[in-house]
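# Report on the structure
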Amino acid sequence: MKKVGVALLGLGTVGGGTYEILVKNREYFRETLGLDVEVKAVLEKNLDRAKQLGVDLKIVSTDIADVVKNPDISIVAEFFGGIEPARTFLLEALKAGKSIVTANKELFSKHWYELEAAAKQTGAGLYFEASCVGGVPIIRTIEEGMQSNKIEQIKGIINGTTNYILTAMSDEGADYAAALKRAQELGYAEFDPTADVEGFDATYKISILSTLAYHKRVPVEAVKREGISKVDAVDIQIGKELGYTMKLLALSKNVNGKIEARVAPVFVPTSHPLASVKGSFNAVYLHGDSVDDIMLYGRGAGALPTGSAIVSDILFAAKQSEAKRYPYAEKGKSDLKEFDTDFVSKYYIRLKAADEEGTLAKITHVLGKENINIESVLQKKPISSDNAPIVFVTDKTAESNIKKAVEEIKNLGAVKEVDALYRVEE
Ligand code: HSE
């Protein structure tokens, strides 16, 4: 029986879930995998929390030296979140030759290069399945299950908080503020919801997933980011009338080596599998050149789902005869200009126009001049003489093209405002 000593840095939600799984399934892992995994050290200030989880207080400390100097520990799992002290502690663990397991997407996406370089020095492993999409085994799917493919596209609902909010806005007609308040009351959204609602969390995850999928560093700074805090419930309802559902998509495409990565509220056809991913659930839709489309679906957060990914990494690490790292350290920094892409997409445009003859003709003239074909158009009953709401869904066009057309439309005297511009993904 192989003995595996583990340290847990932090006993918050996911740290606690991890401890619970390691204790409840210890015998099961012994029987099925021949691995005896034991928690040998825990870093945690809150002794009440440790007691509540049934952790032996003799192994609880606040000093990282108790972890790095303990020869019985081979794997260090980190749950602090944020950059510091997680970065320093993990670097110390790597320098001591211990493999690390982390759910820390911000740290990993921003400091992958540094962590990997440190791991390489001592031959330690880096495992981060839990950093993206919680309990859904997306990293291993990309790295192992899809390795025979050139991955061409990733489309993901990879933030549960925003998916909960958009689902409430879509299914119940709630406005953004009310939906956010409910998400906070239910514990999905943080007191300060910025990281989720402004798309930062999804940006970290798509940076990691795209780097793995395209074998090329896709830094966080290369991911264009737009959150959901400015989404108007009106667009969600009009989108529904047109057969679309709004989702905060983390999207990346590799078109002949040119990579586009972004996080933005986007319309997807209501018939698309991603449209039926509701509430706090996550899903990732991948396109490979051989397998075609696949979709993974599940819980992207929570004590046991994310703990499940952490423990899977611990077991995976313990089974390797040689520690595993995915080789991106050598790639160093990327030139951000490489990601200046101008991909094509359909677009949804909503504007306020004057309620007078010839207005529609003037707008369609601009779109025609820019070679933008209109797929559908919807004019709502005018609310006042200068507020006739009009919505266009265009055919595919380059982003630079639609932006140029929108600027021209804004300058038409008959158009009071362009209220919304969203991509429509197929
Ligand atoms: N806060 C994230 C979410 C989970 O709402 O999905 C952790 O990344």
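Of regular secondary structure, the protein chain possesses 15 helices and 17 strands. Over its C-alpha atoms the protein chain spans a radius of gyration of 24 Å, differing by no more than 12% from the 22 Å that the globule rule assigns to 426 residues. Here the C-alpha coordinates of the protein chain stretch approximately 80 × 45 × 35 Å along the principal axes. Counting across all 426 residues of the protein chain, residues that qualify as buried make up 54%. Considering only contacts within the protein chain whose residues lie at least 6 apart along the sequence, 74% involve residues at least 24 apart. Just so you have it, the protein chain exposes about 18,300 Å², and 49% of that area is on carbon and sulfur atoms. Side-chain charges in the protein chain split into 54 positive and 60 negative, and the spacing between the mean points of these groups amounts to 2 Å.

Moving on: unusual backbone geometry. Put simply, Glu84 and Pro85 share a cis peptide bond, and its omega is 5°. Look at Asp292: it is not a glycine, yet its phi comes out positive at around 75°. Structurally, Asp292 is set in strand 12 (residues 292-299).

Going through the model one piece at a time under the given rule, you end up with 35 salt bridges. When the shortest N-O distance is used, the salt bridge between Asp36 and Lys3 registers 3.3 Å. Residue Asp36 is found in strand 2 (residues 35-43), and its partner Lys3 is found in strand 1 (residues 2-9); the two are separated by 33 residues along the sequence. Judged by its relative accessible area of 3%, Asp36 is buried. Exposure remark for Lys3: the relative accessible area of 66% places this residue in the exposed category. For Arg262, the salt bridge goes to Glu260, with nearest N and O atoms at 3.1 Å. For the pair formed by Arg262 and Glu260, the shared burial category is buried. Each of Lys155, Lys253, Glu260, Arg262, Glu399, Lys403, Arg423 and Glu425 takes part in one network of salt bridges that share partners.

It is worth spelling out the domain arrangement of the protein chain at this point. Each assigned domain of the protein chain is listed with its residue range as follows: domain 1 (2-134 + 323-329), domain 2 (138-299) and domain 3 (344-424). For domain 1 and domain 2, the distance between their C-alpha centroids amounts to 28 Å. On the domain 2 side, the residues contacting the 16 residues of domain 1 number 21 residues. Carbon and sulfur atoms supply 67% of the area that domain 1 and domain 2 bury against each other, a total of about 1,700 Å² over both sides. Where domain 1 touches domain 2, the interface holds zero salt bridges. Counting every contact that joins domain 1 to domain 2 gives three residue pairs in polar contact (both at pLDDT 80 or more). Among the residues forming the side of domain 1 that touches domain 2, the class breakdown is eight nonpolar, three polar and five charged.

Taken together, Lys105, Asn159, Gly160, Thr161, Asp196, Asp201, Lys205 and Ala301 form the complete shell of residues around the ligand. Note that an oxygen atom of the ligand is positioned 2.8 Å from one of the side-chain N or O atoms of Lys105. Asn159 places a polar side-chain atom, nitrogen or oxygen, 3.4 Å from an oxygen atom of the ligand. Look at the ligand: alone it shows 260 Å² of surface, and the protein chains cover 82% of it. Mapped onto the shell around the ligand, the elements with two or more residues apiece are helix 8 (160-172) and helix 11 (200-214). Among the residues making up the shell around the ligand, the classes are represented as one nonpolar, three polar and four charged.

Next up on the list: the side chain of Asn401. Turning to its location among the elements, Asn401 is positioned in helix 15 (residues 399-410). One polar contact links Asn401 to Thr397, side chain to side chain, over a distance of 3.0 Å. Apart from the residues within four sequence positions on either side, Asn401 is in contact with Glu370 and Ile372.

The strand order across the open sheet formed by six strands is 3-2-1-4-5-6, and the pairing between neighbours is parallel. Only two strands of the sheet have a single partner each, and these edge strands are strand 3 (60-61) and strand 6 (126-127). Examined bridge by bridge, strand 5 (residues 99-102) and strand 6 share two bridges and lie parallel to one another. Opposite Ile100, over in strand 6, you have Leu126 as the bridge partner.

Turning next to the pairing of strand 2. Moving residue by residue along a regular strand, the side chains alternate between the two faces of the sheet. Extensive coverage of strand 2 is indicated by the burial of seven of its nine residues. As paired elements, strand 1 and strand 2 share eight bridges and run parallel to each other. Paired with Ala7 across the two strands is Ala41, which belongs to strand 2. Examined bridge by bridge, strand 2 and strand 3 share two bridges and lie parallel to one another. Following the sheet pairing, Leu43 is matched in strand 3 by Ser61.

Parameters at a glance
- Positions within a chain are numbered from 1, following the residues in the order the chain's sequence is written.
- A pLDDT threshold of at least 70 governs which residues receive local features in this predicted model, and a stricter bar of 80 or more applies before side-chain atom pairs are shown or counted, although totals over entire chains, interfaces and linings include all residues.
- For side-chain calculations, the full set of non-hydrogen atoms in the structure is used, while hydrogens and water are omitted.
- To qualify as a helix, a DSSP run of H or I must reach at least 4 residues; to qualify as a strand, a run of E must reach at least 2; elements of each kind are numbered from the N terminus.
- For the radius of gyration, the atom set is restricted to C-alpha positions; the globular benchmark scales as 2.2 Å times the number of residues to the power 0.38.
- When accessible area is computed with a 1.4 Å probe and restricted to protein chains, residues below 20% of their type maximum are described as buried, those above 50% as exposed, and intermediate ones as partly exposed.
- It only takes one pair of heavy atoms within 4.5 Å for two residues to be counted as in contact.
- Accessible surface area values rest on a Shrake-Rupley calculation with a 1.4 Å probe, where residue burial reflects the displayed protein chains alone.
- A positive count includes Lys and Arg, and a negative count includes Asp and Glu. His and the chain ends are not counted in either.
- By convention, charge coordinates are those of NZ in Lys, CZ in Arg, CG in Asp, or CD in Glu.
- Should a side-chain nitrogen of Lys or Arg be within 4 Å of a carboxyl oxygen of Asp or Glu, the pair is scored as a salt bridge.
- Reported domain spans reflect what an automatic or database domain assignment gives.
- Joining two parts hides part of their accessible area as seen by a 1.4 Å probe, and the buried area is that hidden amount summed over both.
- The definition of a polar contact used here is a pair of N or O atoms within 3.5 Å, where within protein one atom must be able to donate a hydrogen and the other to accept one, and adjacent residues in sequence count solely through side-chain atom pairs.
- For this scheme, ten residues count as nonpolar: Ala, Val, Leu, Ile, Met, Phe, Trp, Tyr, Cys and Pro. Four count as charged, namely Asp, Glu, Lys and Arg, and the remainder, Gly too, count as polar.
- Nearness here has a simple test: a residue counts as near a molecule or strand if at least one of its heavy atoms is within 4 Å of that partner.
- Strands are labelled as partners when DSSP assigns at least two bridges between them.

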